[in-house]
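For reference, the chains in residue letters:
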Amino acid sequence: MNFTGYRRANGTAGTRNHVLVFPTVICAAATAEMISRAVPGTVVVTHPHGCGHMGIETEHIVRSMSGFCANPNVAGVLLVGLGCELITPNVIAEKLAAYGQRYEVVNIQDEGGTTATIKKGRLLVEKLLKEAAKAVREPIDISELIIGTNCGGSDTFSGLTANPALGNACDRLVAEGGTTILSETPEMIGAEQVLAGRAASESVKKRIYEITSATEALAFKAGVDIRGSEPSPGNIEGGLTTLEEKSLGAVLKGGTTEVKEVVGFAERPSKRGLVIMDGPAHDAVCNTGMIASGAQVIVFTTGRGTPMGSPTVPVIKVATNSRIYRHMKDNMDINAGVILDGTETIESIGERIFEEIVEVASGKATKAEILGHHEFAIHSLGLSV
Amino acid sequence: MAIEALVLHPKDNVATAVRQLESGQSITVKIGVNNIYIDLIHAIPFGHKFALRDIEPGEKIIKYGEVIGQATTRINKGEHVHIHNVEGLRGRGDRQ
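Below or above, wherever it landed, is the structure these notes cover. Please read these numbers as outputs of a predicted model, since none were measured by experiment.

## Considerations on the overall build of chain B
Part 1 of the argument: Tallying secondary structure elements over chain B gives zero helices and nine strands in all.
Part 2 of the argument: In chain B, the order of α-helices and β-strands from amino to carboxyl end is β-β-β-β-β-β-β-β-β.
Part 3 of the argument: Taking 12 Å as the expected radius of gyration for a compact globule of 96 residues, we find that chain B reaches 13 Å, a close match to that expectation.
Part 4 of the argument: Taken along the three principal axes of its C-alpha coordinates, chain B extends 50 × 25 × 20 Å.
Part 5 of the argument: A fraction of 44% describes how many contacts in chain B between residues 6 or more apart in sequence connect residues 24 or more apart.
Part 6 of the argument: Just so you have it, chain B exposes about 4,500 Å², and 51% of that area is on carbon and sulfur atoms.
Part 7 of the argument: Positive and negative charge centroids in chain B, built from 12 and 11 side chains respectively, lie 5 Å apart.

This is the structure:
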């Protein structure tokens, strides 16, 4: 089975054909925005990082940035830096070269200020756009798809409708040889036994318990009851009582197949099938990690409703109940609430989500794309000075 | 008849309301092929849970056939089950 996507020079397959302007440090953020604004058809992100990091945090930020820029949906990237920062464009460029990603570099201190940087940046981005315009969609086997899964603004129906339906869609993709990523480690606490029971090996099983224990230890270290953060106040209002309850519903979105591998945040999977990526439950950060891991489409379930999108990857929104589907219709792509109404089943909505994944991968715009949602975040590990 | 509440696993001692349910309402809940009848003691908001049987203090709350927490007080059949009478057992840094 095929989707129609963009074959990249490095062999990967994209579902979108973006030219990205990426500041590697906060000091270059506004200049990057100005370059992108001057050249329609480009996308830009900003973030507060790039300097003052230490140790494993530096590695974590570099991996997040470079993986995000190397996502197959990005045809080319302009890295914008200041010049004296820790994570210069050259640090990221070295990683992009290893990925085989097309990039250009501009530094504000080298060019001599904002105006000169915009002038140079415009020329470089126009060149990248011209190259990107040559790419055409071609049939690509869906086994090359990596689907990121996310749930945000959960309610008790997340675990009854949208998450099991998304899990069913994941099972269908895995049966076709594709890859799905389950993340949000805090929302595996209390459901480890379910995932560990499906681990492909003893080492995968061990890793599942390691990542959830490390996350739970954060609550121990802080000396707080995790409830209030997880589940969030909105989750509790929606009927979720404990973290365990939320987790048992959350992990259903990964489906029912064997867990092939556990990768770190923003790391690329080495195996196909269901893969767990260790990472926080923060919706935008989770998306960034999965995009850096190579996800070309994200499916996002929501019960309380969220408009969350991404600058480079289409995000398909699945409502857990008909009420929120109707209430926030301009943000919702699929209604899994009809499962409760008795008119559809988990299997039939799973099939619809699967079909939607293939259509969106082939170019159909999601609601988040139509509305222009481009939320982006990288998280810090708290090792900055 | 439209479904009023769902039970996900035969071991579960709570059900989830799939519509707003009223105090005093008598409802039918399907567990596998069997129906059980519950008189609700409280109004149950859309998406919230109620007890399928009497639950003792300290007893585990079961949903999806798995432990989701434990009762902090006695919970009667038909009572609203939420943060006022259930606590989580994981991520309890306040207990360390």
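## Concerning the side chain of N235 of chain A
Residues and elements named next belong to chain A.
Part 1 of the argument: Considering the arrangement of structural elements, one finds N235 in helix α9 (residues 233-237).
Part 2 of the argument: In terms of polar contacts, N235 uses its side chain to reach the side chain of K246, at 2.6 Å.
Part 3 of the argument: Leave out the neighbours within four places in its chain, and N235 touches G153, S154, E230, L240 and K246.

## Here we look at the environment of L182 of chain A
Part 1 of the argument: Inspection of the secondary structure puts L182 of chain A in strand β9 (residues 179-182).
Part 2 of the argument: The spatial distance from the C-alpha of L182 of chain A to the C-alpha of C286 of chain A is 9.9 Å, given a sequence separation of 104 residues.

## As for the sheet that holds strand β13 (residues 315-319) of chain A
All names here are of chain A.
Part 1 of the argument: Ordered in space as β10-β11-β9-β8-β12-β13-β14, the seven strands form an open sheet in which the pairing is parallel. The sheet is open, and its two edges are formed by β10 (259-263) and β14 (334-335), each paired on a single side.
Part 2 of the argument: Of the pairings in the sheet, the one linking strand β12 (residues 297-302) to β13 comprises five bridges and is parallel in character. When the sheet's bridge partners are listed, F300 is paired in β13 with K317.

## Thoughts on the packing of helix α6 (residues 162-175) of chain A against helix α14 (residues 346-361) of chain A
All names here are of chain A.
Part 1 of the argument: Where α6 meets α14, the axes come as close as 7 Å, and the angle between the chain directions of the two elements is 60°. When the interaxial angle is binned, α6 and α14 end up oblique. Crossing hand, α6 versus α14: right-handed. Residues P164, A165, L166, N168, A169, R172 and L173 of α6 form the contact with α14, whose participating residues are I346, E347, I349, G350, E351, I353, F354 and I357.

## Some details on the pairing of β12 of chain A
Part 1 of the argument: In terms of burial, β12 of chain A is a largely internal element, six of the six residues being buried.
Part 2 of the argument: Side chains of β12 of chain A alternate between two faces, with V297, V299 and T301 of chain A and I298, F300 and T302 of chain A buried alike.

About the criteria used
- Residues numbered from 1 in each chain as written.
- Chains lettered and ligands numbered in written order.
- Predicted model: local features only at pLDDT ≥ 70, side-chain atom pairs only at ≥ 80, totals over all residues.
- Heavy atoms only, no water.
- Helix = DSSP H or I, 4+ residues; strand = E, 2+ residues; numbered from the N terminus.
- Rg over C-alpha atoms; globule rule 2.2 N^0.38 Å.
- Contact = heavy atoms within 4.5 Å.
- Areas by Shrake-Rupley, 256 points an atom, 1.4 Å probe, with all protein chains shown as cover.
- Lys, Arg positive; Asp, Glu negative; His and termini not counted.
- Charge placed at Lys NZ, Arg CZ, Asp CG, Glu CD.
- Polar contact = N/O pair within 3.5 Å; in protein donor to acceptor, adjacent residues only side chain to side chain.
- Pairing = 2+ DSSP bridges.
- Axes fitted to C-alpha atoms, helices over the stretch in contact; angles between N-to-C directions.
- Parallel < 35°, antiparallel > 145°, perpendicular 65-115°, else oblique.
- Left-handed = near helix turned anticlockwise from the far one by under 90°.
- Buried < 20%, exposed > 50% of the residue type's maximum accessible area, 1.4 Å probe, protein only.

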